[in-house]
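What follows is each chain in one-letter form.
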Amino acid sequence: MVVPHHPAGARLARHRLADDLADLVPPTLLADLIAVLAELVGNSVRHARPLPGGVVRVAWRLRAAADGPRIQLRVTDGGAATGPRIRTAGQDAADGRGLHIVAGLATRWGVERDGMGQRVWAEFDPIPRLVAAN
């Protein structure tokens with residue numbers, strides 16, 4: 001999906017993700033996905049250039065697995081002078097914690113760059129299913 005390179009783009013992406021995956025993943029995983037997607041789109045809007053047309057491309061891929069769904073989120077933008085990196089935020093800092101949230105909730109995350117811009121992705125392994133004790 002394509003959203004505006006504007007703070008409202010994060011809201012649009014969150015709502016669409018929630019609508020698309022609400023019946024497919026556990027609520028706790030969905031909450032983590034929504035939080036991470038909001039951070040990735042928000043970081044794109046705040047720190048990177050838009051793609052042509054003033055937009056950011058947002059995508060997710062759900063793959064079924066025996067132990068539960070595996071999900072990858074991707075946010076593609078026009079890139080920035082420096083790539084995304086985890087920063088050390090001071091105790092009173094108003095920002096600088098977004099990628100800490102991403103790293104804490106996602107199984108892994110990374111950045112891919114090409115001549116058109118950059119893609120920041122986050123992957124989530126399945127939440128282990130609880131097995132009832134006999």
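Residues numbered from 1 in each chain as written. Predicted model: local features only at pLDDT ≥ 70, side-chain atom pairs only at ≥ 80, totals over all residues. Heavy atoms only, no water.

1. Considerations on the pattern of salt bridges
Here's step 1: Taken as a whole, this structure holds five salt bridges when the rule is applied.
Here's step 2: Notably, a salt bridge pairs Asp125 with Arg70, separated by 3.3 Å at the nearest N-O pair. A residue pair is termed long-range when its members are at least 10 positions apart, and Asp125 in the segment after strand 5 (117-124) and Arg70 in strand 3 (residues 70-77) qualify at 55 residues.
Here's step 3: Here Arg108 ties to Asp125 by a salt bridge, and the two come within 3.1 Å at their closest N and O atoms. A residue pair is termed long-range when its members are at least 10 positions apart, and Arg108 in strand 4 (residues 108-114) and Asp125 in the segment after strand 5 qualify at 17 residues.
Here's step 4: Arg108 gets classed as partly exposed once you look at its relative accessible area, which sits at 36%.
Here's step 5: A relative accessible area of 28% places Asp125 in the partly exposed class. (Salt bridge = Lys/Arg side-chain N within 4 Å of Asp/Glu carboxyl O. Helix = DSSP H or I, 4+ residues; strand = E, 2+ residues; numbered from the N terminus. Buried < 20%, exposed > 50% of the residue type's maximum accessible area, 1.4 Å probe, protein only.)

2. So, the sheet that holds strand 5
Here's step 1: Spatial ordering of the open sheet is given by 1-2-3-5-4, a layout of five strands whose pairing is antiparallel. Both outer strands of the open sheet, strand 1 (2-4) and strand 4, are each paired with one neighbouring strand and no more. Sheet twist, expressed as the mean angle between neighbouring strand axes with direction ignored, is 20 degrees.
Here's step 2: As paired elements, strand 1 and strand 2 (residues 55-63) share three bridges and run antiparallel to each other. Within strand 2, the position partnered with Val2 by the bridge is Arg57. (Pairing = 2+ DSSP bridges. Axes fitted to C-alpha atoms, helices over the stretch in contact; angles between N-to-C directions.)

3. Regarding the environment of Val2
Here's step 1: Tracing the backbone through its elements, the reader meets Val2 in strand 1.
Here's step 2: Separated by 53 residues in sequence, Val2 and Val55 place their C-alpha atoms 6.3 Å apart.
Here's step 3: Residues within four places of Val2 in sequence aside, it is in contact with Val55 and Val56. (Contact = heavy atoms within 4.5 Å.)

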